[in-house]
Amino acid sequence: MKGQTIVTCSQCGGNKVKSSAIGLFQFCMSVGILFCITIIGIPFGIVFIISAFIVRKSKARLKFRCIECKHDFKITEPTYNDYIKAIS
Ligand SMILES: [Zn+2]
């Protein structure tokens, strides 16, 4: 991960934070794409890809965890949008 400075831990000030929803989104997308490689897998693949987008839209994406001190905290919607721009 690049050294983003948008979302920092409110406890230790570190910038090594992650959103579990982003990890879940990437996981569902990869599994979905893998399923779509085979004809039989396509319906399952579509389900995973749709779930991925639901996860990304849900409020769960605003929950972050500091990797350094394991502190859980929430960020606001505009902050999240800036964060996504910063890491992509
Ligand atoms: Zn921390």
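Refer to the preceding data block for the structure.
The model shown is predicted, which means the values in this text are computed figures rather than measured ones. (Residues numbered from 1 in each chain as written. Predicted model: local features only at pLDDT ≥ 70, side-chain atom pairs only at ≥ 80, totals over all residues.)

A. Looking closely at the environment of isoleucine 42. Examined against the element boundaries, isoleucine 42 turns out to sit in helix α2 (residues 42-57). Between the C-alpha atom of isoleucine 42 and that of glycine 32, which follows or precedes it by 10 residues, the distance is 8.1 Å. (Helix = DSSP H or I, 4+ residues; strand = E, 2+ residues; numbered from the N terminus.)

B. Up close: the sheet that holds strand β1 (residues 17-19). Pairing is antiparallel in the open sheet, where three strands are placed in the order β1-β2-β3. Only two strands of the sheet have a single neighbouring strand rather than two, namely β1 and β3 (72-74). In this sheet, adjacent strand axes meet at a mean angle of 35 degrees when their direction is disregarded. Bridging between β1 and strand β2 (residues 63-66) involves three bridges; their strand directions are antiparallel. Of the residues in β2, the one forming a bridge with valine 17 is cysteine 66. The strands touched by helix α1 (residues 20-35) are β1 and β2; relative to β1, the strand with the most contacts, the crossing angle is about 55 degrees. (Pairing = 2+ DSSP bridges. Axes fitted to C-alpha atoms, helices over the stretch in contact; angles between N-to-C directions. Contact = placed C-beta atoms within 7 Å.)

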